[in-house]
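# Residue-level structural notes
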Amino acid sequence: MSKLMVKKFATPDETRPFTHGRMDVIQFEGGIVGRGVFESGWRWSKDVAPIAGTKSCQVSHAVYVLSGRMHLKMDDGTEEEIGPGDFAVIPPGHDAWTLGNDACVAFDFAGAAHYAKQAAGARAEPTRTH
């Protein structure tokens, strides 16, 4: 039987830092949710690719953007921009980068379990907050 559970992103179960941002992760009985903070100047292919060890992001995402803007470019050339209030389903095979001077903050309901986790042979390591 499930019980009421409250978790706070102020004290996530795990924080995975990367250049120009971080992924805060909370875990619960039904799954994992992440809050990505992508600072100005962040680009997946520069800041997370060294951690993932892949040419493009191979994680599927279902994101809700709280603030800031992000540009998405799929491996097939399809491009889209997302911003506050947008919900996007992003399949594997993409690059992304922030737009403007504000951080893009987005909640990921599908890809946080694997996002910015060290791949075999990669040098960066996720940091556990507690």
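First, a word on scope: everything that follows refers to the structure included in this document. Remember, it's a predicted structure, so these values are computed and weren't measured experimentally. (Residues numbered from 1 in each chain as written. Predicted model: local features only at pLDDT ≥ 70, side-chain atom pairs only at ≥ 80, totals over all residues. Heavy atoms only, no water.)

### A closer look at the packing of aromatic side chains
A ring pair, where both rings are aromatic, is described by two values, the distance of the centres and the angle of the planes. Rules: Note on aromatic pairs: the rings of Phe, Tyr and Trp (six-membered ring only in Trp) are paired at centre separations within 6.5 Å, and the planes decide the class, stacked below 30 degrees, edge-to-face beyond 60, tilted for the rest. Helix numbers and strand numbers start at the N terminus; a helix is a DSSP run of H or I with at least 4 residues, a strand a run of E with at least 2.
In this structure the tally under the stated criterion is five aromatic pairs. Ring plane angle 50° and centroid distance 5.4 Å describe the contact between Phe-9 and Phe-107, whose orientation is recorded as tilted. Taken together, the positions of Phe-9 in the segment before strand E1 (14–18) and Phe-107 in strand E9 (residues 104–108) put the pair 98 residues apart, joining distant regions of the chain. Judged by centre distance (6.0 Å) and plane angle (25°), the ring pair of Phe-18 and Phe-38 falls under stacked. Linking Phe-18 in strand E1 with Phe-38 in strand E3 (residues 31–38), this pair joins segments that are 20 residues apart in sequence.

### Some words on a nonpolar patch on the surface
Convention followed: The patches reported here contain residues having more than 30% relative accessible area and no salt bridge. Joining distances are 9 Å for like charges and 5 Å for nonpolar side chains (Val, Leu, Ile, Met, Phe, Trp, Tyr). Computed with the Shrake-Rupley method and a 1.4 Å probe, the accessible areas treat only the protein chains shown as cover for residues. Salt bridge, as applied in this entry: a Lys or Arg side-chain nitrogen positioned within 4 Å of an Asp or Glu carboxyl oxygen. Here's how the labels work: a residue is buried when its accessible area is under 20% of the maximum for its type, exposed when over 50%, partly exposed in between, all with a 1.4 Å probe on protein chains only.
Where nonpolar side chains cluster on the molecular surface, the patch consists of Tyr-64, Leu-66, Phe-87, Val-89 and Phe-109 and spans about 530 Å² of accessible area. Here Leu-66 shows up in strand E4 (residues 61–67). The partly exposed category is assigned to Leu-66, whose relative accessible area is 49%.

### Concerning the pattern of salt bridges
Overall, the coordinates contain six salt bridges when judged by the stated rule. In this structure, the salt-bridge partner of Lys-7 is Asp-13, at a minimum N-O distance of 2.8 Å. The exposure class of Asp-13 is buried, given its relative accessible area of 12%. Ionic pairing is found between Arg-35 and Asp-24, a salt bridge with its closest N-O pair at 2.7 Å.

### Comments concerning the sheet that holds strand E2 (residues 21–28)
Quick reminder of the rule: Strands were regarded as paired on the criterion that DSSP finds at least two bridges between them. For every element, the axis is a line fit to its C-alpha atoms; helices are fit only across the contacting stretch, and the angle between N-to-C directions ranges from 0 to 180 degrees.
With antiparallel pairing, the six strands of this open sheet are ordered in space as E1-E2-E3-E9-E4-E7. Pairing within the sheet leaves two strands with one partner each, and these edge strands are E1 and strand E7 (87–90). For this sheet the average axis-to-axis angle between neighbouring strands, irrespective of direction, equals 25°. As defined by bridge partners, E4 adjoins E7 across four bridges and the pair is classed as antiparallel. Within E7, the residue paired with Val-63 across the bridge is Ala-88.

### Some details on the nonpolar core
Here is the rule we go by: Among the buried residues, those of types Ala, Val, Leu, Ile, Met, Phe, Trp, Tyr and Cys that are joined through side-chain atoms within 4.5 Å form a nonpolar core. Contact definition: two residues touch when any of their heavy atoms are within 4.5 Å.
Phe-18, Phe-38, Trp-42, Met-70 and Tyr-115 are the most contacted members of the largest nonpolar core, which totals 24 residues. Among the elements of the structure, E2, helix H2 (49–52), E4, strand E5 (69–74), E7 and E9 are those that each provide at least two residues to this core. Per-element tally for this core: the top contributor is E5, with three residues. The residues touching Trp-42, leaving out its near neighbours within four places in the chain, are Phe-18, Thr-19, His-20, Asp-47, Val-48, Met-70, Ala-96, Trp-97, Thr-98 and Tyr-115.

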